[in-house]
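Spelled out from the first residue to the last, the chains are:
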Amino acid sequence: MSTSAAASFFQSKPGCETHCGNVTIPYPFGIAGGEGCSADGNGYGYSIRCDTSFYPAKPFIGDGKFEVISISETEIRVKNSRVAAACYTKKGVQIDLDPFSQDPTDRFSFFIDKTSFTFSNTKNRLFAIGCDTLTSFFAVSGNGTLHDPGVCLSLCNSRDEVIEGSCAEEKGCCQLEFPKGINSLYASVSSLDNHTKVWSFDPCSYAFIAEKDQYSFRASDLLPTTNFIGEKRNIPFVLDWVIGNKTCEEAKDTLLCQKNSVCVETTDVPGYRCTCVEGYEGNPYLSPGCQAKQLTTPGPQADTNRCGRDCFAKKQEFPILKATLGIGLGILLLIVGISCLYLSLRKRKQTKLKQKFYEQNGGLLLNKNATASGGDGAGAELLTKIYTAKELELATNNFHKNRILGEGGYGVVYKGILPDNREVAIKKSKAVDESQIEQFINEVVILTRVNHRNVVKLLGFCLESKVPLLVYEYVPNGTLFQHIHCKGEISPILSWESRLRIATETANAIAYLHYAVSTSVIHRDIKSSNILLDENFTAKVSDFGASRLIPLDKTRIMTIVQGTFGYLDPEYFHTSQLTEKSDVYSFGVVLIELLTGEQPVSLKRSEEQRNLATFFIIQMEEEENILQILDAQLVHEGNLEKMLAVAELAKRCLFLKSVERPTMKQVVAELEYLRNLPSQEEKLWSIPSTPIDLYMPESSDTISDFGQHSFATDNVISINTP
């Protein structure tokens, strides 16, 4: 074997087949049947099945669904094997156009578990095609984590509205990004009107996974004459691969990394890769390891520094002292000049870099929103400070891992200590992309409009760092989710009275957002993990990245579905119509969490009980059934009547039709009534069927106290906003 070939990564194990058809199979992959040809001792999917019934032969991985196109040092490119299709007759009756489907024609799933492969979230997209198409997916990571669902909606009334070559405007085509590190994907495609309004030019909805750079939308894809399913099966998508499921440290006794290579840990999924050290090349998984690159060694140089006796004599006569002083002074001036120039250029570079980060992190968009809200930028006057990156680095000990309070898809929250010893929470984005910038600006704009004791306070922000930073008041007692579901691991289990108080405070905050702000705010992601508890266990609603402002002349807006699975309003999910009642539904789920101590969605429960809201509604049909799912410890506290009243309120919050749900004003009134009910009357009271008529008549000017803010039920009379 030549030196250049030996230095290439694309080497198979000696004695093993190097190709399957036209595809090179480098180690740690190997063709099945050859002894030890792949590193598949632990069953991580490196064994390639070479199907010789094709000519040329074709390689497959996993359960044989994925045909391999190519393998590189970090990725495997495979052909698509499934396209979801939902096609309809002119009258809206669904028909089956996919003879290969084993599931109903509007669903498909990919599972690559039992391997060390994951769907690339940077190179793949889930595309949805059609002018009356609603597509969603659920994804699961290798560790069993169920991610929030992704949803996109593509609508157009005529073929003239279709935008050729683009999915960005969601006219005939829309696309979804994947979460990081997933190896299981379940997707569905459906239609709002069964294509009856667009059938003449578009009778079908489709969804498929594809490498984003390999698919360009065409208007002709909508035509019924197009062999869409057959064509799209050949579009590739990308899998990331690693070795095993352990870190470098955990796998140190079984590392595949050979001589002159290093172990590199992956950030998105468990596992590692091997790579040659600098100056070496080859396949780092194969013995004897990486080989040194061939270098050209320069030949000896002639000695040009020889000096004879005459030269020596001239040097003796040279004024050494003067020359030394002159040269020294010149060097000093040169150093000073260079230093000044360097500092000037460095300052200019830092200024340009800060300006670049400011614009990259949405500074111009923030200015635009602030001006739009306040007329002269006054929308940001509630912010006490614009922090520098240096201040926040010092406050967090350079964002040390010991300062991490929490972590999510948006980024990481750190605990910071300012020079005046104030404790703060600092949210740092993981990466900068357009969607996260929009969420960041959205959260700043929302929080500069609100000021309520049960809403976490935004103290300031920083735009001059590589990623945007938000600075909040520090809320030390974690989240409501932790206190409900960690079973007393972080603190004593919350009593019923504490839970009822927290529920009332949270409802107060949501009602304030809906009714007491100059422009109504819909939170859109109410859940127990977004309710923080301070040192007195007072509730603080947080995380307004997904929130939306609702104009005064509107009660609902059309928007891309966003929220958390288990808390998401079903009506909003199916119609994309966001209303204040969407928050009411999510709050209803929080109420049943408080009542039952159960998580909204759990794969550990039976299929009937997997979705807590659905199971709760069924159990509410009979009183003895609801008693079985209430938290046993709370029942023993002797507050059963109040708990059943809250359960009835939660049931009304969870009605499928939003018009049948109570408003947050009504929810607050009922919870306040229950909290203030005298203990000696607990066995005698009964809540009227329409309690809001007694406590908060919509036709009156009754003032309801929402925390520290008062307002009329019909017209806001006192607000505390910019």
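Presented here is an overview of the structure given in this document. Here the structure is a predicted model, which is why all the values come from computation and not from measurement. (Residues numbered from 1 in each chain as written. Predicted model: local features only at pLDDT ≥ 70, side-chain atom pairs only at ≥ 80, totals over all residues. Heavy atoms only, no water.)

Residues Leu480, Phe587, Phe616, Met664 and Leu671 are the most contacted members of the largest nonpolar core, which totals 70 residues. Among the elements that make up this core, the one with the highest residue count is helix α9 (residues 496-515) (11 residues). When residues no more than four places from it in sequence are discounted, the contact partners of Leu671 are Leu500, Ala503, Thr504, Ala507, Phe587, Val646 and Leu649. Counting 43 residues, the second-largest nonpolar core is a separate cluster that includes Tyr27, Ile31, Ile76 and Tyr272. (Core = buried A, V, L, I, M, F, W, Y, C linked by side-chain atoms within 4.5 Å. Buried < 20%, exposed > 50% of the residue type's maximum accessible area, 1.4 Å probe, protein only. Helix = DSSP H or I, 4+ residues; strand = E, 2+ residues; numbered from the N terminus. Contact = heavy atoms within 4.5 Å.)

Looking at the second largest pocket, its volume works out to about 750 Å³. If you go around the second largest pocket, you meet 25 residues; those closest to its centre are Phe138, Phe565, Gly566, Asn611 and Thr614. Residue assignment for the lining of the second largest pocket shows that the elements contributing at least two residues are β13 (132-141), β16 (182-190), α10 (570-575) and α12 (612-619). A class-by-class count of the residues in the lining of the second largest pocket yields 17 nonpolar, five polar and three charged. (1 Å grid on protein atoms, 1.4 Å probe; cavity = no way out; pocket = protein on both sides within 12 Å on 5 of 7 lines; lining within 4 Å. Points joined across faces, edges and corners; volume = space filled by probe spheres on them. Nonpolar A, V, L, I, M, F, W, Y, C, P; charged D, E, K, R; others polar.)

Here the focus is the pattern of salt bridges. Evaluation of the coordinates by the stated rule reveals 20 salt bridges. With its nearest N and O atoms 2.9 Å apart, the salt bridge here joins Lys123 to Glu75. Here the residue Lys123 occupies a position in the loop between β11 (117-119) and β12 (124-129), and Glu75 occupies one in strand β7 (residues 75-79), the gap between them amounting to 48 residues. Across the pair Arg422 and Asp420 runs a salt bridge whose closest N-O atoms are separated by 3.3 Å. Among the charged side chains, a network of salt bridges with common partners joins Lys58, Glu67 and Lys79. (Salt bridge = Lys/Arg side-chain N within 4 Å of Asp/Glu carboxyl O.)

Applying the stated criterion across every chain yields a total of nine disulfides. Here Cys131 pairs with Cys156 through a disulfide, and the sulfurs are 1.8 Å apart. An S-S torsion of about -90 degrees defines the bridge between Cys131 and Cys156 as left-handed. Here Cys156 lies in the loop between β14 (150-155) and β15 (173-176) and Cys131 lies in the loop between β12 and β13, a separation of 25 residues in the sequence. Between the sulfur atoms of Cys276 and its disulfide partner Cys290 the distance amounts to 2.0 Å. The S-S bond linking Cys276 to Cys290 shows a torsion near -80 degrees; that makes this disulfide left-handed. (Disulfide = S-S within 2.5 Å.)

Mapped onto the fold, Arg499 is located in helix α9. Along the backbone, Arg499 and Ile484 are 15 residues apart, and their C-alpha atoms lie at a distance of 9.3 Å. In this structure Arg499 touches Ile493, Leu494, Glu593, Leu594, Asp631 and Leu634, once residues within four positions along its chain are discounted.

The grouping of Leu329, Leu332, Leu333 and Val336 at the surface amounts to a nonpolar patch, some 390 Å² of accessible area in total. Within the fold, Leu332 resides in helix α4 (residues 320-360). (Patch = residues over 30% accessible without salt bridge, like charges linked within 9 Å, V, L, I, M, F, W, Y side chains within 5 Å. Areas by Shrake-Rupley, 256 points an atom, 1.4 Å probe, with all protein chains shown as cover.)

Here we take up the pairing of strand β5 (residues 58-61). Strand residues, when the strand is regular, have side chains that alternate between the two faces of the sheet. Bridge count for strand β4 (residues 47-51) against β5 is three bridges, and the pairing is antiparallel. By the bridge assignment for β5, Asp51 is matched with Lys58. Between β4 and β5, which pair antiparallel in sequence order, lie six residues. (Pairing = 2+ DSSP bridges.)

A sheet is described by the order of its strands in space; here six strands give the open sequence β23-β27-β28-β26-β25-β24, paired in mixed fashion. Pairing within the sheet leaves two strands with one partner each, and these edge strands are β23 (385-386) and β24 (404-407). Pairing of strand β26 (residues 423-429) with strand β28 (residues 469-473), which is carried by five bridges, proceeds in the antiparallel orientation. Paired with Ala425 across the bridge in β28 is Tyr472.

Right, let's talk about empty space enclosed by the protein for a bit. If you walk through the whole model with that rule in mind, you get two cavities of 30 Å³ or more. In this structure, the second largest cavity spans a volume of roughly 30 Å³. Taken together, Arg524, Gln562, Leu568, Asp569, Tyr572, Ser582, Asp583 and Ser586 form the lining of the second largest cavity. No other element matches the three residues that helix α11 (residues 580-596) contributes to the lining of the second largest cavity. Of the residues assigned to the lining of the second largest cavity, the class counts are two nonpolar, three polar and three charged.

The omega torsion of the bond from Tyr55 to Pro56 falls at -5 degrees, within 30 degrees of zero and hence cis. In this structure, Pro56 sits in the loop between β4 and β5. Residue Pro288 is reached from Ser287 by a cis peptide bond, and omega for that bond is 10 degrees. By secondary structure assignment, the location of Pro288 is in the loop between β21 (280-281) and β22 (291-292). One non-glycine residue, Asn398, lies in the positive phi region at around 60 degrees. Counting through the fold element by element, Asn398 comes out in the loop between α6 (389-395) and β24. Look at Asn398 and you get exposed, because its relative accessible area is 55%. Despite not being glycine, Phe399 shows a phi value in the positive range, around 55 degrees. Summarising the element assignment, Phe399 is placed in the loop between α6 and β24. In this structure Phe399 comes out as buried when scored by relative accessible area, which is 14%.

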